[in-house]
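# Structural overview for review
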Amino acid sequence: MTYIQMANTPLHIGVLALQGSIDEHINHISSLGHIPVKVRTSNDLDNLDRLIIPGGESTTIGNILRSTGLLYSLKDKISKGLKVWGTCAGMILLAKEIENETISHLSLMDIKVKRNAYGNQLDSFITYTKINEVSPNNLELVFIRAPYISEISDKVTILCKIDENIVAAKENNMLVTSFHPELTPDTTFLKYFIETF
Ligand code: GLN
């Protein structure tokens, strides 16, 4: 009998491309042999296997989502099970509550987030830690004017804490990180999102 080695089928990975660190995600997706799709309209959401909501400025991205109507189609797709990973501003956009703010954006994940949680002194920093769910090795975590999660419900699983603050978590089809794996050369986190999550 002859066995044929099947190549992994490339998946269509959307990146919300309104503002923020878009190209870094696109490059990492291509480097893993998957197909990146820039998402700017509701039609771009069709036939995606996964979606990344990148870092950037959550108020700006939220405003564009509202003015284009994409907010509602995006919310619908994620509610129906599209697997999504929000990095940094993406985490803020998915949260049901934002500290000291009256509005939230997609309002899908049972977390409360604190924006710019590390203040001006520690605006941006890099640290290294192991996230058991993702890899047995240390990962480089890059934080840029980052939020952290200050409250969760019991629907949410914590994946990583730094100094007692929650910086990575998941709930059903939603994954969020305060940090930016796309700004490092390491694709381990993206591989976890695409192939394991
Ligand atoms: N500080 C930004 C915000 O509040 C998030 C920063 C980032 O995505 N790197 O939206």
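What counts, and at which threshold
- Residues take numbers from 1 onward in each chain, read along the sequence in its written order.
- Reporting in this predicted model follows two pLDDT cut-offs: at least 70 for local features of residues, and 80 or more for side-chain atom pairs to be given and counted; totals over whole chains, interfaces and linings ignore these cut-offs and use all residues.
- Excluded from the side-chain calculations are hydrogens and water; all other atoms, namely the structure's heavy atoms, are used.
- Going along the chain from the N terminus, every DSSP run of H or I of four or more residues is numbered as a helix, and every run of E of two or more is numbered as a strand.
- C-alpha atoms define the radius of gyration in this analysis, and the globule rule sets the expected value at 2.2 Å times the number of residues to the power 0.38.
- We call a residue buried when its accessible area falls under 20% of the maximum for its residue type, exposed when it is over 50%, and partly exposed in between, using a 1.4 Å probe and counting protein chains only.
- In this description, contact between two residues means that some pair of their heavy atoms is separated by no more than 4.5 Å.
- Every accessible area reported is derived by Shrake-Rupley at a probe size of 1.4 Å, with residue values counting cover from the shown protein chains alone.
- Note that His is not counted, nor are the chain ends; the positive residues are Lys and Arg, and the negative ones are Asp and Glu.
- A charge is said to be at NZ when it belongs to Lys, at CZ for Arg, at CG for Asp and at CD for Glu.
- For two strands to be treated as a pair, DSSP must find no fewer than two bridges joining them.
- Consider each residue's heavy atoms; a residue with any of them within 4 Å of a molecule or strand counts as near.
- Here a polar contact is taken to be a pair of N or O atoms separated by no more than 3.5 Å, where protein atoms must pair a possible hydrogen donor with a possible acceptor and residues adjacent in sequence count only if both atoms sit in side chains.
- Gly is put with the polar residues, along with every residue not named as nonpolar or charged; the nonpolar set is Ala, Val, Leu, Ile, Met, Phe, Trp, Tyr, Cys and Pro, and the charged set is Asp, Glu, Lys and Arg.
- UniProt positions are given in the numbering used here, feature names are shortened, and annotations may be inferred rather than shown by experiment.

This part takes up the overall build of the protein. A tally of regular secondary structure across the protein gives 5 helices and 12 strands. Over its C-alpha trace the protein gives a radius of gyration of 16 Å, about what one expects of a compact globule, namely 16 Å for 197 residues. With respect to the principal axes defined by its C-alpha atoms, the protein has extents near 65 × 40 × 30 Å. In the protein, which comprises 197 residues, the proportion classed as buried is 49%. Restricting to contacts in the protein with at least 6 residues of sequence separation, those with at least 24 account for 63%. Summed over all atoms, the accessible surface of the protein reaches about 9700 Å², with 46% contributed by carbon and sulfur. Across the protein, 18 positive and 22 negative side-chain charges occur, with their mean positions spaced 4 Å apart.

Pairing of strand S10 (residues 157-162) with strand S11 (residues 165-171) involves 5 bridges; the strand directions are antiparallel. The partner of Ile158 across the bridge, within S11, is Ala169.

Attention now goes to the site of the ligand. Inspection of the region around the ligand gives Gly55, Gly56, Glu57, Ser58, Cys88, Ala89, Ile92, Arg115, Asn116, Ile144, Arg145 and His180 as its neighbouring residues. Here Ser58 contributes a backbone N or O atom positioned 2.7 Å from an oxygen atom of the ligand. The contact in question runs from an oxygen atom of the ligand to an N or O atom on the backbone of Ala89, over 3.0 Å. Here the residues of the shell around the ligand sort into 4 nonpolar, 5 polar and 3 charged.

What follows covers the UniProt feature "binding site: L-glutamine" (unreviewed entry) in the protein. Following the UniProt record, one finds the feature "binding site: L-glutamine" (unreviewed entry) at Gly56, Glu57, Ser58, Arg115, Ile144 and Arg145. Look at the named residues: they lie 90 residues apart in sequence, but the longest C-alpha span between them is just 12.9 Å, so in the fold they bunch up. Of note, Gly56 is situated in the loop between strand S3 (50-53) and helix H2 (58-68). The exposure class assigned to Gly56 is partly exposed, which follows from its relative accessible area of 35%. Setting aside residues no more than four positions away along its own chain, Gly56 makes contact with Gln19, Gly20, Ile61 and Ala89. Note that Arg145 resides in the loop between strand S8 (138-144) and strand S9 (148-152). Judged by its relative accessible area of 49%, Arg145 falls in the partly exposed class.

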